Amino acid sequence: MPAWANLKIPAIDYQDIIFYAAPKQKASYDNIDDIDPELKKTFDKLGIPLEEQKHLSGVAVDAVMDSVSVKTTFRETLAESGIIFCSFSDAVKEYPDLVRRYMGTVVPYTDNFFASLNSAVFSDGSFCYIPKGVRCPMELSTYFRINSANTGQFERTLLVADEEAYVSYLEGCTAPMRDENQLHAAIVEIIAENNAEVKYSTVQNWYPGDKDGKGGIFNFVTKRGLCRGENSKISWTQIETGSAITWKYPSCILRGDNSTGEFYSVAVTNHYQQADTGTKMIHIGKNTKSTIVSKGISAGHGQNSYRGLVKVLKNATGARNFSQCDSLLLGNQCGAHTFPYIEVDNQTAIVEHEATTSKIGEDQIFYCNQRGISTQDAIGLIVNGYAREVINKLPMEFAVEAQKLLQISLEGSVG
Amino acid sequence: MLIIKNLKAEIDGKAILKGISLEVKAGEIHAIMGPNGSGKSTLAAVLAGREFVNVTEGSVTYFGKNLLEMPAEERSKEGIFLGFQYPIEIPGVSMVNFMKTAVNEHRKYKGLEPLSASDFLKLMREKKELVEIDSKLANRSVNEGFSGGEKKKNEIFQMAMLEPKLAILDETDSGLDIDALRIVANGVNKLKRPDTSAIVITHYQRLLDYIIPDVVHVLYDGRIVKTSGRELALEIEEKGYDWIKKEVDKKDLS
Ligand SMILES: Nc1ncnc2c1ncn2[C@@H]1O[C@H](COP(=O)(O)OP(=O)(O)OP(=O)(O)O)[C@@H](O)[C@H]1O
Ligand SMILES: [Mg+2]
């Protein structure tokens, strides 16, 4: 297990984890009403109107519960423009060539401990392929839920945007409250060919444990995108409010000339949550650009680390990076840490790094109180102001939800 | 409207207010003057509900209710407005968003629907004109990077938006150029209604040329040591506080 992260990880008994669990009523889900009511409730809570979306929001959803994909909507509509959006298990059966061509090319099974574990035991996940020249007409999204006790979740997402293709993809995650810790070790791979663009957004709300740090999900995830083609672009946006421990570094390998990588992140740690998160931007092609905006929020006894690598290889002439790492503290017992790594092997590269740390002061809260705004709303206002730059990167319908989530996850953290 | 009786308060165990009694009736304007560190801002803080000031004795009733038991945000919604001596910066929170939240909280408290976006912007525009605040300021983050004078004008703008029953203005005139002073004072006068009151804390008589007080109090060492008409302000401007301090110290000795 990797030991370099700024995390205190209790020993995990891997023999004790159930590596495959299928939801009990794995029946046919032709009718949306047949979906597990728990799952539906989860979606409702997260503002994902699985029922209405057929008419309203135009978001296609793949729902993965425990180890199995239970429902993919809009498959037929998408298929009309040649887009494949289905569960990983279906993809293996129906599009074995595509899966073989791309799977493991960005995150090899030898990449790291959790990637190996995932590669060995994963059972399902989401697969998406956008063919040449197609702009995906709707938001695609995957909803993950860990439901059963003692179960680990090991899903994989593989997302391929062929030349000139565009897709915006969102994943959301929830899990019920449980006293024991549960492991989530997922892999996400993205490939962007020439002139393709992929926006990948995450709203992560796995169960964070209770206020004393009991229970919660261990979120050890490997996410990486490869800008394989020229002028390609991959952009990660993440709102991380859940999980007891988060260990993830959505990264971009900028191989194609003129390719662009972006990472926008808000990570909240409240109570006893820990997060060590950030990104890697590997500049290989010429004139490659990357932007990193990381906003950490720590409250309670939360520990929040940003860890990021900007690497410019020898031939990456004209590479540019801008990094902004901000930390916001609520209270006196939390911590914020920044570990930026910069490795530059090309003289023409321009790499900028800015960092700030600030604290929500009692003065600010009182000022809001005096204008009639409650402490809870004041924190919401201030935190959302702080995180606005990142939240604005989310698709509209999820931005509102993310704002609420931020506020809820910080409830009771001051005053 | 407001009755303060024998109010004593301390900060970190140190007595700051040492028995203040004051009654403000509807429609009145009270000026409070007094040397630095005498407790003027502390009194304002107690009235607004700041928690680090610890009230040890006395009572404050506001429209018949025990004010000291009300949380700060409720006092605001009940019509108490504090213009801060040092307005606070809140980076990342736009004035529009801040004021919209505040105004709608006040409306909710009164059982009114929240204002629509367009009605709200209209209200903002009206009030901006009323207090002659630069339109650009309202598009920035709350007080962030505002100059000293701009912050003070912004306090008056917020007061205009919230239409308080009792406005407590803590040195809103300090740091203002002469034009800004007139604007702020005019703002206060325009917003004044026959049934609303104000407590104006100031060091300078010139503000009271614009805002005509009914009473002037002098606060010294945590006590109101002198209460008189407007002319008291002039006297202080001329002679300073020494003569009042002497009077007080003499009384203490005897
Ligand atoms: N937060 C605080 N912690 C400790 N002492 C304080 C605090 N706030 C005020 N004091 C003290 O209380 C006393 C009264 O302060 P206050 O700010 O009320 O004076 P003031 O009359 O408003 O003065 P000025 O005219 O300078 O604004 C001072 O001695 C001050 O140092
Ligand atoms: Mg003062």
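This section reports on the structure supplied with the text.

This paragraph deals with the overall build of chain B. A tally of helices and strands in chain B yields 9 helices and 12 strands. Dimensions of chain B, computed from C-alpha atoms along their principal axes, come out at roughly 65 × 40 × 35 Å. Counting across all 254 residues of chain B, residues that qualify as buried make up 54%. Put simply, 70% of the contacts in chain B that link residues at least 6 apart link residues at least 24 apart. Accessible area for chain B stands at about 11600 Å²; split by element, carbon and sulfur atoms hold 48% of it. Positive and negative side-chain charges of chain B, numbering 37 and 39 respectively, have mean locations separated by a distance of 1 Å.

The next point concerns the coordination of the magnesium ion (ligand 2). Around the magnesium ion (ligand 2), the protein contributes the donor atoms S41 of chain B (OG) and Q85 of chain B (OE1), which lie 2.0 to 2.1 Å from the metal centre. Of this pair, S41 of chain B sits in helix α1 (residues 40-48) while Q85 of chain B sits in the loop between β6 (80-83) and β7 (90-94); the two residues are 44 residues apart in sequence, bridging distant segments of the chain.

Glancing now at the nonpolar core. Counting 103 residues, the largest nonpolar core has I297 of chain A together with L2, I4, L47, F98 and M99 of chain B as the members making the most contacts within it. For this core, the element with the most residues is helix α7 (residues 375-391) of chain A, which contributes 9 residues. Residues within four places of F98 of chain B in sequence aside, it is in contact with Y367, C368, R371, I373 and L381 of chain A together with I90, V93, V142 and Q158 of chain B. Core analysis: the second largest hydrophobic core is formed by 34 residues, A91, L117, Y129 and A244 of chain A among them.

Residues and elements named next belong to chain B. Read from one edge of the open sheet, 4 strands run β2-β1-β4-β5, paired in antiparallel fashion. What marks the edges here is a single partner per strand, and that holds for β2 (14-24) and β5 (65-66). Pairing of strand β1 (residues 2-11) with strand β4 (residues 53-62), which is carried by 8 bridges, proceeds in the antiparallel orientation. If you follow I3 over to β4, its bridge partner there is T61.

What follows covers the packing of helix α5 (residues 148-162) of chain B against helix α6 (residues 178-191) of chain B. Residues and elements named next belong to chain B. It is at 10 Å that the axes of α5 and α6 come closest, and there the two elements cross at 15°. The pairing of α5 with α6 is recorded here as roughly parallel in orientation. Considering the relative orientation of α5 and α6, their crossing is left-handed. For the pair formed by α5 and α6, the contact residues are K153, I156, M159 and A160 on the first element and A180, I183, V184, G187, V188 and L191 on the second. Residue composition of the contact of α5 with α6, grouped by class: 8 nonpolar, 1 polar and 1 charged.

For the rest of this paragraph, the subject is the packing of aromatic side chains. The geometry of two aromatic rings is summed up by the distance between their centres and the angle between their planes. Enumeration over the complete set of coordinates arrives at 18 aromatic pairs over all chains. Ring centres 5.8 Å apart and planes at 35° place the aromatic pair W4 of chain A and W247 of chain A in the tilted group. Of this pair, W4 of chain A sits in the segment before α1 (37-45) while W247 of chain A sits in strand β13 (residues 245-248); the two residues are 243 residues apart in sequence, bridging distant segments of the chain. Residue class for W4 of chain A comes out partly exposed when judged on its relative accessible area of 49%. Summarising the aromatic geometry, the rings of F113 of chain A and F114 of chain A are spaced 5.1 Å apart at their centres and angled 85° between planes, so their arrangement reads as edge-to-face. For F114 of chain A, a relative accessible area of 2% translates into the label buried. Through successive ring pairs, a cluster of aromatic residues spans W4, Y14, F113, F114, F218, F220, W247 and Y249 of chain A. When the ring centre of F63 of chain B is taken as reference, the NZ or CZ atom of K165 of chain B above it lies at 5.2 Å. The ring centre of W243 of chain B lies 4.5 Å from the NZ or CZ of K239 of chain B, which sits over that ring.

For the rest of this paragraph, the subject is the pattern of salt bridges. Inspection of every chain in the model, using the stated rule, returns 29 salt bridges over all chains. Residues E193 of chain A and R228 of chain A are paired through a salt bridge, measuring 2.8 Å at the closest nitrogen-oxygen approach. Here E193 of chain A is found in the loop between β9 (187-192) and β10 (197-205), whereas its partner R228 of chain A is found in the loop between β11 (216-227) and β12 (233-240), with 35 residues between them in sequence. Residue classification places E193 of chain A among the buried residues on the basis of a relative accessible area of 11%. Residue class for R228 of chain A comes out partly exposed when judged on its relative accessible area of 36%. K239 of chain B is the partner of E235 of chain B in a salt bridge, and the nearest nitrogen-oxygen pair spans 3.2 Å. With a gap of 4 residues between them, E235 of chain B and K239 of chain B both fall in helix α8 (residues 231-239), about one helical turn apart. Given a relative accessible area of 28%, E235 of chain B falls into the partly exposed group. A single network of salt bridges, built from pairs that share partners, joins K295, D326 and E389 of chain A.

With 17 residues of chain A in contact, the opposing surface of chain B contributes 30 residues. A buried area of about 2000 Å², summed over both sides, lies between chain A and chain B, and 61% of it is on carbon and sulfur atoms. It is F366, Y367 and R371 of chain A in chain A that bury the most area against chain B; as a group they hold 37% of the surface buried on that side. Counting across the interface, chain A meets chain B through 2 salt bridges. The partner of R50 of chain B in a salt bridge is D363 of chain A, with the nearest N and O atoms 3.1 Å apart. Every element with two or more residues in the side of chain A that touches chain B is listed here: α6 (362-370) and α7 of chain A. The leading source of residues in the side of chain A that touches chain B is α6 of chain A, at 8 residues.

Moving on: the environment of I224 of chain B. Checked against the element boundaries, I224 of chain B lands in strand β12 (residues 223-228). As for I224 of chain B and M95 of chain B, which are separated by 129 residues in sequence, their C-alpha atoms are 37 Å apart.

Here we come to α6 of chain A. Residues and elements named next belong to chain A. In terms of burial, α6 is largely enclosed, as 7 of its 9 residues are buried. Buried within α6 are the following residues: Q364, I365, F366, Y367, C368, N369 and Q370. G372 sits one or two positions beyond α6 and adopts a positive phi of about 100°.

Each value, and the rule that gives it
Residues numbered from 1 in each chain as written. Chains lettered and ligands numbered in written order. Predicted model: local features only at pLDDT ≥ 70, side-chain atom pairs only at ≥ 80, totals over all residues. Heavy atoms only, no water. Helix = DSSP H or I, 4+ residues; strand = E, 2+ residues; numbered from the N terminus. Buried < 20%, exposed > 50% of the residue type's maximum accessible area, 1.4 Å probe, protein only. Contact = heavy atoms within 4.5 Å. Areas by Shrake-Rupley, 256 points an atom, 1.4 Å probe, with all protein chains shown as cover. Lys, Arg positive; Asp, Glu negative; His and termini not counted. Charge placed at Lys NZ, Arg CZ, Asp CG, Glu CD. Donors = N, O, S within 2.8 Å, 3.2 Å for Na, K, Ca; no water. Core = buried A, V, L, I, M, F, W, Y, C linked by side-chain atoms within 4.5 Å. Pairing = 2+ DSSP bridges. Axes fitted to C-alpha atoms, helices over the stretch in contact; angles between N-to-C directions. Parallel < 35°, antiparallel > 145°, perpendicular 65-115°, else oblique. Left-handed = near helix turned anticlockwise from the far one by under 90°. Nonpolar A, V, L, I, M, F, W, Y, C, P; charged D, E, K, R; others polar. Phe/Tyr/Trp six-rings, centres within 6.5 Å; stacked < 30°, edge-to-face > 60°. Lys NZ or Arg CZ within 6 Å of the ring centre and 35° of its normal. Salt bridge = Lys/Arg side-chain N within 4 Å of Asp/Glu carboxyl O. Buried area = accessible area lost by both parts, 1.4 Å probe.

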